[in-house]
Amino acid sequence: MRLPLLSLAVLVAFAVPAFAGDVVVTGGWFRALPASVPSGGYFTLHNGSSKTITLTGASSPACGMLMLHKTEDKGGTMDMIDMPSIPVPAGTDLKFAPGGYHLMCTDVTTAMKPGATVPVTLELQGGAKLPVTFVVKNARGQ
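S.K.: Honestly, the state of the cysteines in this entry has me stumped. Any pointers?
M.R.: Throughout this description, disulfide means a covalent bond between two cysteine sulfur atoms. Going through the model one piece at a time under the given rule, you end up with 1 disulfide. A disulfide bridge connects C63 with C105, and the sulfur atoms are separated by 2.0 Å. Measuring handedness by torsion sign, the sulfur bridge of C63 and C105 sits at about -110° and is left-handed. Highlighted residues: C63 in strand β4 (residues 63–74) and C105 in strand β8 (residues 101–108), separated in sequence by 42 residues. In terms of burial, C63 and C105 fall into one category: buried.

Pasting the structure below:
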C-alpha cells in the first residue's frame, strides 16, 4: 500500500509545478461595494500550456459564494449569466473585465475593503487549484 501512495505523491509533486508554471494569473482585483451588493472580481488568466484548460470555479474566504459569470448584451438589456465552466485555449489569455467575464462575490465579508488583499483559489478541470491574491479597489476601480 505504501508504494502506490508514494508513487502518487511523486507524480503529483512533479505534475503540479509544471502545470502551475503554464497557467498564470495577473491583475487580480475586486471592486468593493456596500456589503449588501455583490462585488465583481477581475483578472487575466494566461494559458501558456499546449492544451486547452477549463476554469470550473473559484472560492475565497472573503465571499460567501464566488461564481464564474459573464455579462452579455441581449438586445439592449445586459444579462448576467452563470458560467459552470470556461475553456481557455492553449497559448491564449482570458480576460475577466467589467462588462464581460467576471467573478461574482456574494455575501461579502468585512475583508472586502479598498486597499486590502484577499486570497482567491481558481479551480481547474481535473481538480487543479491555483491560489492567487486579489487586491480590493474602490467602486471606481482605483
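That shown, we press on.
S.K.: Even after reading the chapter, I still don't get unusual backbone geometry, so can you show me in this structure?
M.R.: Note: most peptide bonds trans; most residues except glycine with negative phi. The phi dihedral of D107 is positive, around 50°, even though this residue is not glycine. Within the secondary structure, D107 sits in strand β8.

S.K.: Any chance you could explain the side chain of T54 here in plain terms?
M.R.: Here T54 is to be found in strand β3 (residues 53–59). Classification of T54 as buried rests on a relative accessible area of 13%.

S.K.: Please clarify how the confidence of the model for the protein chain should be interpreted in this entry.
M.R.: A low pLDDT score tells you not to read the predicted coordinates there in detail. On average, the protein chain scores 85 in pLDDT, and the residues at 70 or more come to 85%. Predicted confidence is poor over residues 1–19, with pLDDT under 50, and the contacts of this stretch with residues over four places away or in other chains come to 4 contacts.

S.K.: I would appreciate a short explanation of the pairing of strand β1 (residues 23–31) in the present structure.
M.R.: Remark: a regular strand shows side chains that alternate across the two faces of the sheet. Summarising the sheet, β1 and strand β2 (residues 39–47) pair through 6 bridges and their orientation is antiparallel. Within β2, the residue paired with V23 across the bridge is N47.

S.K.: Hey, could you run me through the nonpolar core in this one?
M.R.: The nonpolar side chains of soluble globular proteins are, as a tendency, buried together. In terms of nonpolar packing, the biggest core is built from 30 residues, with F30, F43, L45, L55, L103 and L122 touching the most fellow members. Apart from the residues lying within four places of it in its own chain, the contact partners of L55 are F43, L45, L68, P84, S85, I86, F96, L122, E123 and L124.

S.K.: Explanation requested: the pattern of salt bridges in the structure shown.
M.R.: It is possible for side chains bearing opposite charge to pair when their charged atoms get close. Under the criterion given, the structure shown has 1 salt bridge. E72 serves as the salt-bridge partner of K70, at 3.5 Å between the closest nitrogen and oxygen. With relative accessibility at 23%, the residue K70 sits in the partly exposed group.

S.K.: Explanation requested: the packing of aromatic side chains in the structure shown.
M.R.: Two descriptors summarise a pair of aromatic rings, namely the distance from one centre to the other and the angle between the planes of the rings. Going through the model one piece at a time under the given rule, you end up with 5 aromatic pairs. Measuring from ring centre to ring centre gives 4.8 Å for W29 and Y42, while their planes differ by 45°; the resulting arrangement is tilted. Of the two residues, W29 is situated in strand β1 and Y42 in strand β2; the sequence distance between them amounts to 13 residues. Judged on exposure class, the residue W29 and its partner Y42 are both buried. Taking 4.2 Å as the distance between ring centres and 20° as the angle between the ring planes, the aromatic pair formed by F43 and F96 counts as stacked. Taken together, the residues F43 in strand β2 and F96 in strand β7 (residues 92–96) connect sequence positions 53 residues apart. The same class applies to F43 and to F96, which are both buried.

Criteria and cut-off values
For every chain, the first residue of its written sequence is number 1, and the numbers climb from 1 along that sequence. Local features are withheld for residues below a pLDDT of 70 in this predicted model, meaning they are given only at 70 or higher, and side-chain atom pairs are given and counted only at 80 or more; totals for whole chains, interfaces and linings count all residues. Only hydrogens and water are set aside; all other atoms, that is, all heavy atoms of the structure, feed into the side-chain values. Here, a disulfide means two cysteine sulfur atoms that sit within 2.5 Å of each other. Strands here are runs of E lasting at least two residues and helices are runs of H or I lasting at least four, both read from the DSSP assignment and numbered beginning at the N terminus. We call a residue buried when its accessible area falls under 20% of the maximum for its residue type, exposed when it is over 50%, and partly exposed in between, using a 1.4 Å probe and counting protein chains only. One number per residue, pLDDT, summarises how confident the predictor is, and it ranges from 0 to 100. When checking whether two residues touch, look at their non-hydrogen atoms; a contact exists if any pair is within 4.5 Å. Strand pairing follows a simple DSSP-based rule, namely that at least 2 bridges must link the two strands. Here, nonpolar core refers to any group of buried Ala, Val, Leu, Ile, Met, Phe, Trp, Tyr and Cys residues whose side-chain atoms link them within 4.5 Å. Each salt bridge in this description consists of a side-chain nitrogen of Lys or Arg and a carboxyl oxygen of Asp or Glu lying within 4 Å of one another. Stacked, tilted and edge-to-face are the three classes applied to pairs of Phe, Tyr and Trp rings, where Trp contributes its six-membered ring and a pair requires centres within 6.5 Å; stacked means planes under 30 degrees apart, edge-to-face means over 60, and tilted covers the rest.

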